[in-house]
Amino acid sequence: MQQKPKLLIVYTGGTIGMINDPKTGQLISFDFNHIYHHVPELERLNVQLETVSFEIPVDSSEMNPLLWKEIAEMIHLNYDNYDGFVVLHGSDTMAYTASALSFMLQNLSKPVILTGSQLPIGTIRTDGKENLITAIEIAASKNSQGESIVKEVAVYFEYSLYRGNRSSKVSANQFEAFSSPNYPELAVAGVEIDYNLERLLVPKKEGLKLFTNFENHVALLKIFPGFAANVYKNLFDIHQVKGIIMETFGAGNAPSSDDFRQLIGTYIQNGGIVLNITQCSSGSVQQGKYETSSFFDKIGVISGKDMTTETAIAKMMYLLGSESSKEEILKKLPISLVGELSE
Ligand code: ASP
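Our subject in this report is the structure included herewith. Source: prediction; values computed, not measured. (Residues numbered from 1 in each chain as written. Predicted model: local features only at pLDDT ≥ 70, side-chain atom pairs only at ≥ 80, totals over all residues. Heavy atoms only, no water.)

**A look at the site of the ligand**
To keep it simple, the criterion reads: For this purpose, a residue is taken to be near a molecule or strand whenever a single non-hydrogen atom of the residue falls within 4 Å of it. For the purposes of these results, a polar contact is taken to be a pair of N or O atoms within 3.5 Å, where, inside protein, one atom must be able to donate a hydrogen and its partner to accept one; residues adjacent in sequence count only when each atom of the pair is a side-chain atom. Each accessible area is a Shrake-Rupley estimate made with a 1.4 Å probe; only the visible protein chains count as cover when residues are assessed. Each residue is assigned to one of three groups, with Ala, Val, Leu, Ile, Met, Phe, Trp, Tyr, Cys and Pro labelled nonpolar, Asp, Glu, Lys and Arg labelled charged, and all others, Gly among them, labelled polar.
Neighbouring the ligand are Gly14, Thr15, Asp59, Ser60, Gly90, Ser91, Asp92 and Ser117. Between Thr15 and the ligand, the recorded distance is 2.8 Å, taken from a backbone N or O atom to an oxygen atom. At a separation of 2.5 Å, an oxygen atom of the ligand approaches a polar side-chain atom of Ser60. If the ligand stood free it would expose 260 Å²; the protein chains cover 89% of that surface. Grouping the amino acids of the shell around the ligand by side-chain chemistry returns no nonpolar, 6 polar and 2 charged.

Take a look at the structure:
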């Protein structure tokens, strides 16, 4: 008889595992083992489930590189003993964690599926049950050669599977809370789970590699009409900020004020790294298409193409933390390392 796939559920916190505190009326995390009580269907699935939990589950607003490291290490440590991994995580920063994990766990040959919910699992209308059960099914799915179908970090939410580093949270109240504007869904769950096989990541043969160093001295600057560059003077200080992600207009455009140009030019000359992504929810930066962005090309701003903000931040932190030379960082920022951008 074929062995049931063995999965590890990593519980980090988030609404899916929260209950209403009757005293304060606020949502607080509860003991993860109660999940079985609320989802008895888990016992009937054709998988062996084991769980590991953060000692103190967190609202995902509390996530940070140290907690990302904890998740990545839990998976790395248990990698050979399981067929796949489901990470239960608050939806608010799930796209950031999924992006970070895609850089931390490279060349996966097994699925790492993040999911969560908008309503706690104990609520009658919860979306958590379906999300959890289907995420488990995806994490356990194998092809006819016995290999995992999904070999990457992905987010499953409301009938769709997205590449983790292409996903963003787009709604605070709809069950359909995620989207992947620049990359098609990896799978859609209907009567059957329909995988978009051609779009799944093909890992390198080198085997799993773990990276856990992140440099968090980075900044995110969203440009807006009338913004006074001088207000941001301290941001362009290389001693404080090693890399800046700049969210610009449309295809990568920004105001051409002398103040701004001087700040950004001096910062780059002093060793700073600036990555240009669009504040539009879909589409790509095309530096040099307009006069208002050709200046960026001249001074060495890097085009982030169609990366999401979440991925741009995770990638900047990852490269600053793992590469010792600036040249290498500049080379790797605009190319796809783990399927995070379209070339
Ligand atoms: N605040 C919660 C969190 O991100 C929301 C959720 O889980 O959906 O942890």
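There's plenty left to go through after this.
**So, the packing of helix H3 (residues 94-104) against helix H7 (residues 309-322)**
Relative placement of two packed helices is described by the angle separating their axes and the distance separating the axes. Our working definition: Note on method: axes are straight lines fitted to C-alpha atoms, helices fitted across the in-contact stretch only, with angles between N-to-C directions ranging 0 to 180 degrees. Helix numbers and strand numbers start at the N terminus; a helix is a DSSP run of H or I with at least 4 residues, a strand a run of E with at least 2. Roughly parallel refers to an angle under 35 degrees, roughly antiparallel to one over 145, roughly perpendicular to one between 65 and 115, and oblique to any angle outside these ranges. Handedness of a helix crossing follows the sense of rotation of the near helix relative to the far helix, less than a right angle counterclockwise being left-handed and clockwise being right-handed. Residues count as neighbours in contact if any of their non-hydrogen atoms are within 4.5 Å of one another.
Direction vectors running N to C along H3 and H7 enclose 40°, while the axes themselves pass 8 Å from each other. Relative to H7, the element H3 is oriented oblique. As for the relative orientation of H3 and H7, their crossing is right-handed in sense. Every residue of H7 that contacts H3 at Ala95, Tyr96, Ser99, Ala100 and Phe103 is listed here: Glu310, Thr311, Ile313, Ala314, Lys315 and Tyr318. A per-class count over the contact of H3 with H7 returns 7 nonpolar, 2 polar and 2 charged.

**Concerning the environment of Glu73**
Mapping Glu73 onto the fold places it in helix H2 (residues 65-78). Distance from Glu73 to Thr212, taken between C-alpha atoms, is 8.3 Å for residues 139 residues apart in sequence. Those residues in contact with Glu73, other than ones at most four positions away along the chain, are Leu210 and Thr212.

**Details of the packing of aromatic side chains**
Just so we agree on the cut-off: Working definition: rings of Phe, Tyr and Trp (its six-membered ring) pair if their centres are within 6.5 Å, and the pair is stacked with planes under 30 degrees apart, edge-to-face with planes over 60 apart, and tilted otherwise. Classification of residues uses two cut-offs on accessible area relative to the type maximum, computed with a 1.4 Å probe and protein chains only: under 20% is buried, over 50% is exposed, and between them is partly exposed.
Across all of its chains, the model carries 11 aromatic pairs by this definition. Plain terms: the ring middles of Phe227 and Tyr232 are 5.7 Å apart, the flat faces sit at 50° to each other, and that makes the pair tilted. A residue is classified by how much of its surface remains accessible, and Tyr232, at 23% relative accessible area, is partly exposed. Taken together, Phe224, Phe227, Tyr232 and Phe260 form an aromatic cluster joined through their ring pairs.

**Structural notes on unusual backbone geometry**
Glycine aside, a negative phi is what most residues show, and trans is what most peptide bonds show. A positive phi angle, close to 75°, is found at Tyr159, a residue other than glycine. Locating Tyr159 in the fold gives a position in the loop between strand E8 (153-157) and strand E9 (160-163).

**What to know about the pairing of strand E17 (residues 273-278)**
Residues in a regular strand point their side chains to alternate faces of the sheet. So the rule is basically this: One requirement defines pairing of two strands: DSSP has to find at least two bridges between them. Crossover handedness is defined here as right-handed if the route from the first strand over the helix to the second strand goes clockwise, with the strands pointing away from the viewer.
In terms of residue burial, E17 counts as a mostly covered element, since 6 of its 6 residues are buried. Residues Ile273, Leu275 and Ile277 point to one face of E17 and Val274, Asn276 and Thr278 to the other, with burial holding for every one of them. Relative to E17, strand E16 (residues 243-248) runs parallel, the two being bridged by 6 bridges. By the bridge assignment, Met246 is partnered in E17 with Asn276. Regarding the hand of the β-α-β motif, the stretch spanning E16, helix H5 (residues 258-269) and E17 is right-handed. Two elements, E17 and strand E18 (residues 302-303), share 2 bridges in a ladder whose sense is parallel. Bridge assignment links Leu275 to a residue of E18, and that residue is Ile302. You can see the chain leave E17, run along helix H6 (residues 291-299) and come back into E18, and the turn it takes is right-handed.

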